[in-house]
Structures are given as C-alpha cells and as structure tokens.
Amino acid sequence: MYAAVLVQRLGHLISFHFDAYPIFPEFSSGSREGIWWLPQSTSDGYVVISNFAARMVKGRLIFTADEGRYATELALAPHQTQRISIRDAVQRAGFKGIQGGIRVEAEADVASVYVAEVLFDESAGFSAIMKVFERDRNLLQQSYTLRAPLIGLATPDPMLAYPTGTILHPNILVRNAADTPVNAAVTVKWRSPKTVGRFPLKLVPLAPEETRLLDLTTLQKDGLPADANWANVAITYSGRPGDLVAIANSYDTTTRYGIQSPFTDSLSFMWKGGMWHVDPQHNTLITTGNAGKKDATVALTLFYGENGIYELPEKTLAPGEQMEVGSLIRNQIPDKKGRVLPPDAMEGSYEIKDLKDTQIGYLYEGKVITYKTFGHATYGCAECCMYGGVG
Amino acid sequence: MLFAGIRSTLLVISINSLFISIYTKNAFTQKALSNPPSASHSSRLNRKLGKDQELLIPFWTLEPGWGTQLEVRNNLAQGSLEVTPICGPGRVPSTSCPLLHFLQIR
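Residues numbered from 1 in each chain as written. Chains lettered and ligands numbered in written order. Predicted model: local features only at pLDDT ≥ 70, side-chain atom pairs only at ≥ 80, totals over all residues.

**Some remarks on the overall build of chain B**
Looking only at helices and strands, chain B features 0 helices and 6 strands. N-terminal to C-terminal, the α/β element order of chain B is β-β-β-β-β-β. Burial analysis of chain B (106 residues in total) assigns 44% to the buried set. (Helix = DSSP H or I, 4+ residues; strand = E, 2+ residues; numbered from the N terminus. Buried ≥ 20, exposed ≤ 12 C-beta atoms within 10 Å, placed from the backbone.)

**Let's talk about the domain arrangement of chain A**
All names here are of chain A. Segmentation of chain A into domains returns domain 1 (4-136), domain 2 (142-262) and domain 3 (270-384). Each of domain 1 and domain 2 was reduced to a C-alpha centroid, and the two centroids are 22 Å apart. Contact residues are listed per partner, giving 24 residues for domain 1 and 19 residues for domain 2. Every element with two or more residues in the side of domain 1 that touches domain 2 is listed here: β3 (30-37), β8 (99-106), β10 (126-129) and β11 (133-136). Top contributing element to the side of domain 1 that touches domain 2 by residue count: β3, with 5 residues. (Domains from an automatic or database assignment. Contact = placed C-beta atoms within 7 Å.)

**Observations concerning the confidence of the model for chain B**
Residues and elements named next belong to chain B. On average, residues of chain B carry a pLDDT of 58, and 31% of them reach 70 or more. Within chain B, the element-level pLDDT minimum falls on strand β6 (residues 99-105), averaging 40, and the maximum on strand β3 (residues 53-57), averaging 82. Note on residues 26-43: pLDDT is under 50 here. Beyond four places in sequence and across chains, it has 57 contacts. The model gives residues 99-106 a pLDDT under 50, and that stretch makes 23 contacts with residues more than four places away or in other chains. Scoring of the predicted complex yields 0.83 for pTM and 0.73 for ipTM. (pLDDT = per-residue confidence, 0-100.)

**Focus on the sheet that holds strand β15 (residues 196-202) of chain A**
Residue and element names in this part refer to chain A. On the basis of which strands lie adjacent, the open sheet formed by 4 strands has the order β12-β17-β14-β15 and antiparallel pairing. Single-partner strands in this sheet number two, and they are β12 (142-152) and β15. Going from strand to strand, the sheet's axes swing by 15 degrees on average, the running direction of each strand aside. (Pairing = 2+ DSSP bridges. Axes fitted to C-alpha atoms, helices over the stretch in contact; angles between N-to-C directions.)

**Notes on the sheet that holds strand β4 (residues 44-51) of chain A**
Residues and elements named next belong to chain A. With antiparallel pairing, 4 strands are arranged side by side in an open sheet as β7-β4-β9-β10. The sheet is open, and its two borders are formed by β7 (81-85) and β10, each paired with just one other strand. For this sheet, the mean angle separating the axes of adjacent strands, direction not counted, is 20 degrees. Of the strand pairs in this sheet, β4 and β7 are connected by 5 bridges, and their pairing is antiparallel. Paired with V48 across the strands is R83, a residue of β7.

**Quick look at the environment of L285(A)**
Residue and element names in this part refer to chain A. Looking at the element boundaries, L285 is found in strand β21 (residues 282-290). Note on L285: 24 C-beta atoms within 10 Å, which makes it buried. For the pair formed by L285 and D44, sequence separation is 241 residues and the distance between their alpha carbons is 29 Å.

**Points about the nonpolar core**
Residue and element names in this part refer to chain A. In this structure, V233, I235 and A246 are the most contacted members of the largest nonpolar core, which totals 127 residues. No other element matches strand β9 (residues 113-121), which puts 7 residues into this core. Setting aside chain neighbours within four positions, we find A246 in contact with L146, I172, L173, V174, I235 and F263. (Core = buried A, V, L, I, M, F, W, Y, C linked by C-beta atoms within 7 Å.)

**Description of helix α1 (residues 86-93) of chain A**
Every α-helix winds through 3.6 residues per turn, so residues three or four apart in the chain are directed the same way. Residues and elements named next belong to chain A. Along α1, the positions that sit buried rather than exposed are I86, A89 and V90. Axial view of α1: buried residues confined to an arc of 95 degrees, hence all on one face. Of the exposed residues in α1, those oriented more than 90 degrees away from the buried face are D88, Q91 and R92. Buried residues along α1 sit against β3, β4, β5 (57-65), β6 (68-76) and β7. Note on α1: the residue one or two positions beyond its end, G94, has a positive phi of about 80 degrees. (Arc of directions from axis to C-beta.)

**Some remarks on unusual backbone geometry**
Most peptide bonds adopt trans geometry, and most residues besides glycine take a negative phi value. Residues and elements named next belong to chain A. Non-glycine residue D109 carries a positive phi angle of around 55 degrees. As for its placement among the helices and strands, D109 is situated in the loop between β8 and β9. Overall, the presence of 20 C-beta atoms within 10 Å leaves D109 in the buried class. Despite not being glycine, A161 has its phi angle at roughly 60 degrees, a positive value. Along the chain, the position of A161 falls in the loop between β12 and β13 (169-176).

**Examining the environment of D19(A)**
Tracing the backbone shows D19(A) in strand β2 (residues 15-19). Expressed as a C-alpha distance, the spacing of D19(A) and L6(A), which sit 13 residues apart in the sequence, is 8.9 Å.

**Side note on the confidence of the model for chain A**
Summing up the model confidence of chain A, the mean pLDDT is 86 and the portion of residues at 70 or higher is 92%. Per-residue pLDDT stays below 50 along residues 384-391 of chain A; that stretch engages in 30 contacts with residues further than four places along the chain or on separate chains.

What follows is the structure, encoded as structure tokens:
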C-alpha cells in the first residue's frame, strides 16, 4: 500500500508532502539526520518530531553549524508530536550562517520517533521539504551511493511553466553526520534539449559535522551548457547510511520559483504507486535511472480511470530519459498496444519495472508535478515492490 | 472501519493535525531490498504476508487556512485491503479522522 499526505496553505504557494512509512524495529541504535537551510532572512521552518510509541521517549535535538552545536533536551509523551521553529533555534544558538545540520537522538524506541522538516516563507511564496535520513549504527560500513534524479538546472524546462527569464540556482547541500572525515565523489549527468553530458566532481573531504553547499551553477565555467535543463546526481562515499546526507534545491533568487529532487540510496526492479496529474493547471514529468552495470529493459505503465491502462513500449524510457505525461495526452501518442490516453484523463498512478531483472534490480525513479497557477513544482516518490503482484 | 474493499485505487481524502496511523488489514508482502552496494536502510521493507500492517505519517493539520489530503493506494495486483486511518492530535488517537473531501482515482 502507498500512502502520503499533502498539507497545503489554502490559496497560497505553501505545500508539503509527507510519505507514510512503517516502523522498522530493526532500527534500534542510531539517530535521524538532516540539514537546516534558511535561504532568505524571511525563511523559517519546522522540525516535526513525533513519538509513535506508547511510552515517553527522551532524547535530544541538536542543531549544528560552523560555530558549533546547540542541543535541546526532548521529552516526548506517548503519541505526542512537537513542532520546533528552525529560525528560533538558530537565533538562540547564535548561528550566523544559512545552513547547518540537524540531529535527533532518542534514548530508547528510536524506531518509533519520526522526524520531518519543512521550510516556508509566506512573503516569498516558498516552501520545501528537507528530507531527514536514518543513521543506523548497526549497519555495515561500506560504499553507498545517494542519487537524485531530477535536479532543475539554471534554465528551467518549459514544462515547469515559469515566467520567461526565470533563472534557477541549483545547489546541493551535503552534510557529514559522522565523527570522522568523509570523502565523497560526485557525478553530475546533465541533459539539455539537444544533448547530454557528465561531470565528475572530487570534493575536498567533509569534516565531521560540516555542512557544505555545492553550487552547480559554477559548472557552467567548466562547460555545462547554459541551456541544460536537468541533471541527475550521484554521490558515492564510504561509511554507513546516514553518515552523509544530501538535499538538492533549485530556486530563483526570490525562492518564489523552484524545485527539489530528493536523494535516496534505494534501488529496485519495480516502483509503483506514484501519482500523476495532468490538467490545464498541472503537468507531470516522470523519469527513471539505471544504476546497474547491465542494461535494463524498462517498462512504464500509467493507470487511470476505472480500468484504464497505458503501456509505453519497453525501452521507450531510456535510463535518465524523462517522460512528460501531458504530451502523451495532448499528442495522442499510442502505447505499445495502440491505445491512447483519453483527452479527459487527468490523474492516476504509475508503475516502472525492469523486465529483465525481476529479483533485485537497479532502477531508481523520480517525478515532478507542476502547478501552473502558482508556478509551483512538487516532487513525489513511488514505492518499491516485488514481482508476483504484491507490494 | 473506513475504506473497506479498496482495490487497485488511489484514494485522496481531505482531512484535517498531528499524526496519522494507517492500519491495513490482511495486507501484503514486500521483499526485503538488499541490493548491495547501495543497500538501503530506508528500504527495509520486510513485511509479512497476511498480517495487519501499520503505516505512519508524522503530521497533518486543519488549522485555519490549512488543508490536508490523505492519499492511499492499494498496490496489490489482486485482492482488497481494509484501511483504517487513525488521526492523533496528541495522546489519544482517534479513528474518527475528520473527513472533508473524498476523491477516488486509480
């Protein structure tokens, strides 16, 4: 089953989506790690901490920055949610910068303590989700790769429907949550309307608790075409999951227009349950990537209405290639069985699967839904499943 | 019990604050995803077939000027799910999530 909520400030640009997750009892020792970011003097945000356990949980909320750390004791009653202002905490800590780290530690029942982080700015019409990662001390130290599939570059894709002349400032916030330096290798694969390319980036090692902002706009000096619209980025490091956390943001100078792409280390042979939405005010872009060493035969299926099914021909969605659902409807493009999406089809779900590798699979996926009225774009995620009709 | 017999649908339910639990009866299997070298701690979906499941969402609100939509989709190729949202504004979760709007899509 897939479940999520969309929280919206009615009539405004502010909206957040929260995915539903089960409790993973095997997550018994560790912390939740995130990044705070206040891009404007008027930006604020909340850290939302929920205790789903039936007993009180004590712990600590720790903000970090170049100046040091600021810790607050937590005592969460059973089933209690606390909402903490990031601006308030940063001011109390005396931090002067615009970014840093967030850690939530629990003395027990860490698996039952959920943490979410949102940013907003009503005056600018800005809202963002800052993904919070589990850092599990019981997992093996090895090589991990975080991937973000749909990072908006300086020149926005026309499907985002931003005003002419809008320029985005893509950046990646990356934080070392470990207590030793971390070496990270970054690969940026970009896509313009006519061509593709890639840049390997070698970072200076991140010091413990360092949060660094990587400005992707600087790649234009190294040959990134100014008309490139999208990038997918992979960050590889050695350590445990959650030792390195990363968030990609692409906003204009006002933060009024922009888009995010979440980093994840999840791979699967099937993703399903994500939602698409196309109408005069909405459009949807879906993409997939192949992180494996072998070719993947990728099949994308859209579901709509009572029983409507639309199956793109296999391999039509090559790794890294994007599919705009709105154009399939507008241009009445037939699927592999000659069916077209009806002009009045407005919403449904989708499924991406690797037809060759039905056991493990190395696909990752991403999706953006644009809201033309407000120039707003939100990302979403499907859920990984297994063959055999379950999940 | 709400939303009995959902089959291959995505439900969008506008609701009103703080966390939501979603119980799914007679639910599904998801394979543990351990695909090194990128084995994901966030993908430890090792749920048992035929057991009730619970999904958790940390936040919702119906404060003045705010609205919340709950989206639920049955990913089973065959079979129904019984889904019960439980909304908790504090220490006493309630099964009576305030429903403002209901939209079912696939």
